[in-house]
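Structure assessment
Chain by chain, the residues:
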Amino acid sequence: MKKNFTLPVVLKIQALLEQEPDIDFVLTRSDDSYPTLPDRVKVANDLNADVFVSIHGNSTTSAVSPSGTEMYYSRSSSLTLAQIVHKHVVAALGLSDRGIHQKSLHVTRETTMPAILIEAGYLSNPTDEALMYTDAFQEQLAEAVVAGIKEYLGVS
């Protein structure tokens, strides 16, 4: 299940961000609840957040089972954030680099701040999936996301 991948990663990101006195953050989901996409957008927009980062595990039903990490953004104002975080995530995870793509996704389109959606790997690919459920992979992803956020925000 996706939540068994994404929630542990988000909680690892939270633990790392709690150690950053210059970064305030809010999670749109920190437990087994599932807020709607409009609810997640509303939280970010109401807080006037500086960035919005959504963590995902990709999946497909195609006969060909792709592998790798992808980054999505909707608005050109989010491209720099996507490039910086993608650079860190791809280097940390070692999966195929499937690139940065512009796509109209609700959370990256409707937020008012730079917003990205990270597809860390493919849960539908047995090799990716086996890695994605390991603590080491999740920790590397969390560290890479935080490093990218810090670089984007100029926080040392």
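Structure report, in brief. All values reported here derive from a predicted model rather than from experimental measurement.

Points about the packing of aromatic side chains
Scanning the entire structure with this criterion turns up one aromatic pair. Aromatic pair Phe5 and Phe137: ring centres 6.3 Å apart, planes at 55°, arrangement tilted. Here Phe137 lies in helix 6 (residues 135-153) and Phe5 lies in helix 1 (residues 3-17), a separation of 132 residues in the sequence.

Comments concerning unusual backbone geometry
The phi dihedral of Asn48 is positive, around 55°, even though this residue is not glycine. Tracing the backbone through its elements, the reader meets Asn48 in the loop between helix 2 (37-47) and strand 1 (52-58). The exposure class of Asn48 is exposed, given its relative accessible area of 60%.

Notes on the pattern of salt bridges
According to the stated counting rule, one finds six salt bridges in the structure shown. Across the pair Glu70 and Arg98 runs a salt bridge, and its minimum N-O distance is 3.4 Å. You can see Glu70 sitting in strand 2 (residues 69-73) and its partner Arg98 sitting in strand 3 (residues 97-102), a full 28 residues away along the chain. For Glu70, a relative accessible area of 5% translates into the label buried. The partly exposed category is assigned to Arg98, whose relative accessible area is 32%. Between Glu110 and Arg109 there is a salt bridge; the shortest N-O distance is 2.7 Å. The class of Arg109 is partly exposed, set by a relative accessible area of 33%.

Conventions and cut-offs
Residues numbered from 1 in each chain as written. Predicted model: local features only at pLDDT ≥ 70, side-chain atom pairs only at ≥ 80, totals over all residues. Heavy atoms only, no water. Phe/Tyr/Trp six-rings, centres within 6.5 Å; stacked < 30°, edge-to-face > 60°. Helix = DSSP H or I, 4+ residues; strand = E, 2+ residues; numbered from the N terminus. Buried < 20%, exposed > 50% of the residue type's maximum accessible area, 1.4 Å probe, protein only. Salt bridge = Lys/Arg side-chain N within 4 Å of Asp/Glu carboxyl O.

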